[in-house]
Amino acid sequence: MTAIERLYSEGFRVFFLSAGLYAVIAMGVWEAWLAVQAAGGSLNLPAAPAPHLWHAHEMIFGYSGAALAGFFLTAVPNWTGAKGAPRRYIAAVWSIWLAGRLAVWMSGHISPIAVAATDLAFAPFLGAQILGQLIRKPKPQQMIFLVLIAAFWIANLMVHLEWLGRTDTEWAGLRMGLVTLCCMIMVLGGRVTPGFTRNAMVQSGRETHLPVNSIALAAVSIAAAMALPMTYLVCLPDHIIGAVAVVAGVAGLIRVALWKGVWTLGKPILWTLHLSYTMNAIGLLLLGLANLGLGTEIAALHVLGIGAVGGMTLSVMSRASLGHTGRPLIASRRVALAYALVPLAALTRFLGTASPGLHDPAVLIAGVLWIAAFALYLVDLWHVWWGPRVPRAPVGSPP
């Protein structure tokens, strides 16, 4: 098998690589535009929407779309025991994702109908594959992701409808897309974070004081998180959006406090999950308070976008890349540093919004930290995506 064939042999390979590259490229373009503006110059981008709207759209639907595809194409076959998607399908869905990115980038020179058709084709093409696998062994806790993928697509549709001049739903669509991602973190992160931590503690010989994952708290946090995208879809008043987000955030914070996060401090592959889930809960709480008149919404949205979505996707992509190629689940120093840089970028961006005098330098510094984090991720895992699996050592063999 050639390196190119191997890259398309499993969904996580090409999509986790592409997510990392796009995280660097798209943020680099945004940073360049901001730097030129700060210097008093002008930089015209080929995209039709304003630069800050292009930036928001591509971080939510471009970068995160690649991360989601890599995850679902890898995880769903494991959940159901189904055979993974064939190489030709992975190549096709990746090509659709890439075409969407190019169409949005060149949208100033392309018909908005063509841009919408190209960009909106990705989620249904991905969802059809996932549905075909999940339907074999349908379980509510897994089928819920099809609902979230549909909500993610509807949010993108709302953005494109305004770009087509049909509605006034762009900002609602961007917010709906972001909080849909946060809902996925609430669901998935709420499973894997305490689960992986418990497994590691048991393997270390610990049998008591293990993570507690309350079913009641899980139900409250997930129900509120799933309701949140719908509040933007139907344009509910700010105070209702705020109340729902506060409930989700508070429930999430109580949950993560019960997962023994302190025990993971020497294990970056674990503490990054705890930190990212915590950032998600804090971001939802801040979003709720902002909608209730306390704080700034833009600051909350960046805590969610950078700290929660960026942090959790980086955590899951790096862990899955190691695990599904037979490598030990141990983060290298470079990847551990990347884990730390993402929440630092979120904090920097938050402080820039809270302190108007620091806004411009804080935004630029946050972008540099983001780029550095994903550059480290790419450098460290590049050979993993292109290379063969590592044979697992026989049980009982020396380490």
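Residues numbered from 1 in each chain as written. Predicted model: local features only at pLDDT ≥ 70, side-chain atom pairs only at ≥ 80, totals over all residues. Heavy atoms only, no water.

Novice: It is not clear to me how the overall build of the protein should be interpreted in this structure. Could you clarify?
Specialist: For the protein, the helix and strand inventory stands at 14 helices and zero strands. Taken from the N to the C terminus, the helices and strands of the protein come in the order α-α-α-α-α-α-α-α-α-α-α-α-α-α. In terms of C-alpha radius of gyration, the protein reaches 20 Å, essentially the compact-globule figure of 21 Å for 399 residues. Relative to its 399 residues, the protein shows a buried fraction of 54%. Put simply, of all contacts in the protein between residues at least 6 apart along the chain, 78% involve residues at least 24 apart. Taken as a whole, the protein presents about 16,700 Å² of accessible surface, with 70% of it coming from carbon and sulfur. (Helix = DSSP H or I, 4+ residues; strand = E, 2+ residues; numbered from the N terminus. Rg over C-alpha atoms; globule rule 2.2 N^0.38 Å. Buried < 20%, exposed > 50% of the residue type's maximum accessible area, 1.4 Å probe, protein only. Contact = heavy atoms within 4.5 Å. Areas by Shrake-Rupley, 256 points an atom, 1.4 Å probe, with all protein chains shown as cover.)

Novice: In this structure, what is going on with the packing of helix 7 (residues 140-163) against helix 8 (residues 170-203)? I would like to understand it.
Specialist: Where helix 7 meets helix 8, the axes come as close as 7 Å, and the angle between the chain directions of the two elements is 165°. Between helix 7 and helix 8, the crossing angle belongs to the class labelled roughly antiparallel. For helix 7 against helix 8, the interelement crossing comes out left-handed. When its residues are assigned to classes, the contact of helix 7 with helix 8 shows 19 nonpolar, five polar and three charged. (Axes fitted to C-alpha atoms, helices over the stretch in contact; angles between N-to-C directions. Parallel < 35°, antiparallel > 145°, perpendicular 65-115°, else oblique. Left-handed = near helix turned anticlockwise from the far one by under 90°. Nonpolar A, V, L, I, M, F, W, Y, C, P; charged D, E, K, R; others polar.)

Novice: How should the packing of aromatic side chains be read in this particular structure?
Specialist: Taken as a whole and judged by the stated rule, the model has 20 aromatic pairs. A ring pair is formed by Tyr-22 and Trp-97, whose centres lie 5.7 Å apart and whose planes are at 80°; its orientation type is edge-to-face. Of this pair, Tyr-22 sits in helix 2 (residues 11-38) while Trp-97 is found in helix 4 (residues 87-105), placing the two residues 75 residues apart along the sequence. Here Tyr-22 and Trp-97 have matching classes, each one buried. (Phe/Tyr/Trp six-rings, centres within 6.5 Å; stacked < 30°, edge-to-face > 60°.)

Novice: Even after reading the chapter, I still don't get the side chain of Arg-13, so can you show me in this structure?
Specialist: Relative to the helices and strands, Arg-13 resides in helix 2. Classification of Arg-13 by relative accessible area gives buried; the value is 1%. At 2.7 Å, the side chain of Arg-13 and the backbone oxygen of Gly-387 are in polar contact. Those residues in contact with Arg-13, other than ones at most four positions away along the chain, are Arg-6, Leu-7, Thr-325, Val-384, Trp-385, Trp-386, Gly-387, Pro-388 and Arg-389. (Polar contact = N/O pair within 3.5 Å; in protein donor to acceptor, adjacent residues only side chain to side chain.)

Novice: How do you make sense of the nonpolar core when you look at a structure like this?
Specialist: Nonpolar side chains in soluble globular proteins generally cluster together in the buried interior. In this structure, Phe-15, Tyr-63, Phe-72, Leu-228, Phe-374, Tyr-377 and Trp-385 are the most contacted members of the largest nonpolar core, which totals 122 residues. The greatest single-element share of this core, amounting to 16 residues, is contributed by helix 3 (residues 51-80). (Core = buried A, V, L, I, M, F, W, Y, C linked by side-chain atoms within 4.5 Å.)

Novice: Help me understand unusual backbone geometry, please; the structure alone is not making it clear to me.
Specialist: The phi angle of most residues is negative, glycine excepted, and most peptide bonds adopt the trans form. Not every positive phi belongs to a glycine, and His-209 is a case in point at roughly 55°. As for its position among the elements, His-209 is in the loop between helix 8 and helix 9 (215-233).

Novice: So what exactly am I meant to see when it comes to the pattern of salt bridges here?
Specialist: For side chains bearing opposite charge, pairing can occur when the charged atoms are close. Applying the stated criterion to the full structure yields six salt bridges. Close ionic contact of Glu-10 with Arg-13 constitutes a salt bridge, the shortest N to O distance being 2.9 Å. The partner of Glu-10 in a salt bridge is Arg-389, with the nearest N and O atoms 2.1 Å apart. With Glu-10 in the loop between helix 1 (3-7) and helix 2 and Arg-389 in the segment after helix 14 (359-386), this residue pair connects regions lying 379 residues apart in the sequence. For Glu-10, a relative accessible area of 16% gives the class buried. Arg-389 gets classed as partly exposed once you look at its relative accessible area, which sits at 45%. Through salt bridges with shared partners, a single ionic network connects Glu-10, Arg-13 and Arg-389. (Salt bridge = Lys/Arg side-chain N within 4 Å of Asp/Glu carboxyl O.)

Novice: Teacher, can you tell me more about the environment of Val-342 here?
Specialist: Within the element layout of this structure, Val-342 appears in helix 13 (residues 333-354). Between the C-alpha atom of Val-342 and that of Trp-370, which follows or precedes it by 28 residues, the distance is 5.8 Å. In this view, Val-342 contacts Ile-306, Gly-307, Gly-310, Gly-311, Leu-314, Ala-373 and Phe-374; residues no more than four positions away in its chain are not counted.

Novice: Sorry if this is basic, but what is going on with a nonpolar patch on the surface here?
Specialist: Residues Met-230, Leu-233, Val-234, Leu-236 and Ile-240 make up a contiguous nonpolar surface patch of about 360 Å² in total accessible area. Its place among the elements puts Val-234 in the loop between helix 9 and helix 10 (238-257). (Patch = residues over 30% accessible without salt bridge, like charges linked within 9 Å, V, L, I, M, F, W, Y side chains within 5 Å.)

Novice: Please explain the packing of helix 3 against helix 4 as it appears in this structure.
Specialist: Helix-helix packing is characterised by the crossing angle of the two axes and by the distance between the axes. Viewed as axis vectors pointing N to C, helix 3 and helix 4 meet at an angle of 175°, and their least axial separation amounts to 11 Å. Accordingly, the angle class assigned to the pair helix 3 and helix 4 is roughly antiparallel. Taken together, the residues of helix 4 that come into contact with helix 3 (itself represented by Trp-54, His-57, Glu-58, Phe-61, Gly-62, Gly-65, Ala-66 and Leu-73) are Tyr-89, Val-93, Trp-97, Arg-101, Val-104 and Trp-105. Among the residues forming the contact of helix 3 with helix 4, the class breakdown is nine nonpolar, three polar and two charged.

Novice: Help me out: how do you make sense of the environment of Ala-116 in this one?
Specialist: In this structure, Ala-116 sits in helix 5 (residues 112-120). Residue classification places Ala-116 among the buried residues on the basis of a relative accessible area of 7%. The spatial distance from the C-alpha of Ala-116 to the C-alpha of Leu-53 is 15 Å, given a sequence separation of 63 residues. Filtering out sequence-adjacent residues up to four positions away, Ala-116 remains in contact with His-160 and Leu-164.

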